[in-house]
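Observations on chain architecture
Here are the chains, one letter per residue:
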Amino acid sequence: MRLRVFAVAMLWLLGSELSPAQSQRAGNPLEGNSDAARRGALLYRARCAGCHGLDGRGVSGPDLTALLAAGLSDARFFTTARNGVAGTEMPRFIPEQTTDTQIWEILTHLRTLTSGSAEAVQGNAENGARLFQANCLGCHIVNGRGGRLGPNLSRIGSARSPSALTAKIRNPNRSFVTGYRPVTLVTPDGRRVRGLKKNEDAFTIQIMEMTERIQGYPKKDLREVISEQRSPMPAFAAERINDRDLEDLVSYLMKLRGTDSVSGQ
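Basis of the calculations
Residues numbered from 1 in each chain as written. Predicted model: local features only at pLDDT ≥ 70, side-chain atom pairs only at ≥ 80, totals over all residues. Heavy atoms only, no water. Helix = DSSP H or I, 4+ residues; strand = E, 2+ residues; numbered from the N terminus. Buried < 20%, exposed > 50% of the residue type's maximum accessible area, 1.4 Å probe, protein only. Contact = heavy atoms within 4.5 Å. Areas by Shrake-Rupley, 256 points an atom, 1.4 Å probe, with all protein chains shown as cover. Salt bridge = Lys/Arg side-chain N within 4 Å of Asp/Glu carboxyl O. Polar contact = N/O pair within 3.5 Å; in protein donor to acceptor, adjacent residues only side chain to side chain. Phe/Tyr/Trp six-rings, centres within 6.5 Å; stacked < 30°, edge-to-face > 60°. Pairing = 2+ DSSP bridges. 1 Å grid on protein atoms, 1.4 Å probe; cavity = no way out; pocket = protein on both sides within 12 Å on 5 of 7 lines; lining within 4 Å. Points joined across faces, edges and corners; volume = space filled by probe spheres on them. Nonpolar A, V, L, I, M, F, W, Y, C, P; charged D, E, K, R; others polar. Axes fitted to C-alpha atoms, helices over the stretch in contact; angles between N-to-C directions.

Our next topic: the overall build of the protein. Across its full length, the protein holds 10 helices and 5 strands. Here the protein holds 265 residues, and the buried ones make up 41% of them. Sequence-distant contacts in the protein: of pairs separated by 6 or more residues, those separated by 24 or more amount to 62%. In the form shown here, the protein has an accessible surface area of approximately 14700 Å², with 53% of it arising from carbon and sulfur atoms.

On inspection of all chains with the given rule, the structure shows 11 salt bridges. Ionic pairing is found between R111 and D74, a salt bridge with its closest N-O pair at 2.5 Å. On the criterion of sequence distance, the pair formed by R111 in helix α7 (residues 100-113) and D74 in helix α6 (residues 74-83) is long-range, its members being 37 residues apart. Between D100 and R82 there is a salt bridge, and its shortest N-O distance comes to 2.5 Å. Separated by 18 residues along the polypeptide, D100 in helix α7 and R82 in helix α6 bring together distant segments of the chain. Look at D100 and you get partly exposed, because its relative accessible area is 24%. Connected through shared salt-bridge partners, K197, E200 and K219 make up one network.

Okay, the side chain of S231 next. Counting through the fold element by element, S231 comes out in the loop between β5 (224-227) and α10 (243-254). Since its relative accessible area comes to 14%, S231 is described here as buried. At 3.0 Å, the side chain of S231 forms a polar contact with the backbone nitrogen of M233. Those residues in contact with S231 that sit more than four places away from it in its chain are P172, N173, F176, P182 and R194.

Glancing now at unusual backbone geometry. Even without being a glycine, N143 presents a positive backbone phi close to 55 degrees. With respect to the element layout, N143 can be found in the loop between α8 (125-135) and α9 (162-170). For N143, a relative accessible area of 62% corresponds to the exposed category. Its identity as a non-glycine residue notwithstanding, E212 has a phi of 75 degrees, on the positive side. Looking at the secondary structure, you find E212 in the loop between β3 (204-209) and β4 (214-218). Residue E212 is classed as partly exposed on the basis of its relative accessible area, which comes to 23%.

In total, this model carries 2 aromatic pairs according to the counting rule given. Residues F78 and W104 carry aromatic rings whose centres are separated by 4.8 Å and whose planes lie at 25 degrees to one another, so their mutual orientation is stacked. Placement of F78 in helix α6 and of W104 in helix α7 is noted, with a sequence separation of 26 residues between them. Per residue, the accessibility class of F78 equals that of W104, and both read buried. Measuring from ring centre to ring centre gives 5.5 Å for F132 and Y252, while their planes differ by 50 degrees; the resulting arrangement is tilted.

Another point: the pairing of β4. Bridge count for β3 against β4 is 5 bridges, and the pairing is antiparallel. Pairing of Q206 across the sheet is with G216, part of β4. Hairpin connection of β3 to β4: 4 residues between the antiparallel strands, including E212 at a positive phi of 75 degrees.

Roughly 680 Å³ of internal volume is contained in the largest pocket. Looking at the largest pocket, it is lined by 34 residues, and the ones nearest its centre are H140, P151, L153, K168 and M233. Looking at the lining of the largest pocket, the elements with two or more residues in it are α8, α9 and α10. By residue number, the principal contributor to the lining of the largest pocket is α9, which donates 4 residues. Considering only residue class, the lining of the largest pocket consists of 22 nonpolar, 9 polar and 3 charged.

What follows is about the sheet that holds strand β1 (residues 181-186). What holds strands together in a sheet is hydrogen bonding between their backbones, with the strands either parallel or antiparallel. Sheet architecture is open: 5 strands sit in the order β4-β3-β2-β1-β5, paired in antiparallel fashion. Looking along the sheet, the strands with just one partner apiece sit at the ends: β4 and β5. Pairs of neighbouring strands in the sheet enclose a mean axial angle of 45 degrees, with direction left out of account. Bridge count for β1 against strand β2 (residues 192-200) is 6 bridges, and the pairing is antiparallel. Opposite L185, over in β2, you have V193 as the bridge partner.

In structure tokens, the structure reads:
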């Protein structure tokens, strides 16, 4: 009896791995598989939740539930997970560490997070567009117009949920997107240069200064490199923007949707 149970268990384990042909299908071959979803939940918590949140709604990484709800294809999700996203904190899931099957299991779990109704988006988007023009366009690009100190928001509606946007607007110091981490460089004569860290290696650091000039500095020529905890973006507290106007602004931002991309900065 024990030998029979062992044999059945081995067959199940062997069958849980997908063939290369199965992994290359356009759709998730494990969709709707409750066992795969449970395994995917464990994998997701260990490997993804730190950036995308336990609920998939994003921390420093994009809101995966919003991307999937907006129509992100299974094939694109798989390709992005396997190859990573250049210029972001999204790493490659190399085959030696994460099998094709495990990527599909993670997606199967994520689909369970998006199977319910999406967050309701209310508010006056036209008024939100006016608020954005007055308060945000100087630092954020939308469809080719705007400043460069903040992330490009042309696709933000497909990368973040309304609640995540609301939280970020109220408290911009809660997390920083790669390429927009505030930093202060102290020169030998005591001059302080504040900017946003774009690139860094053992010998140099490149920042975008608050004038939007991108400049590289040899670390040996600096007295100090200070990682700041306060974003250049102001906190839009209730006394600066009331709840109704904030709802209008978020309504406008949720209409900004672009191509099928996990990066979604």
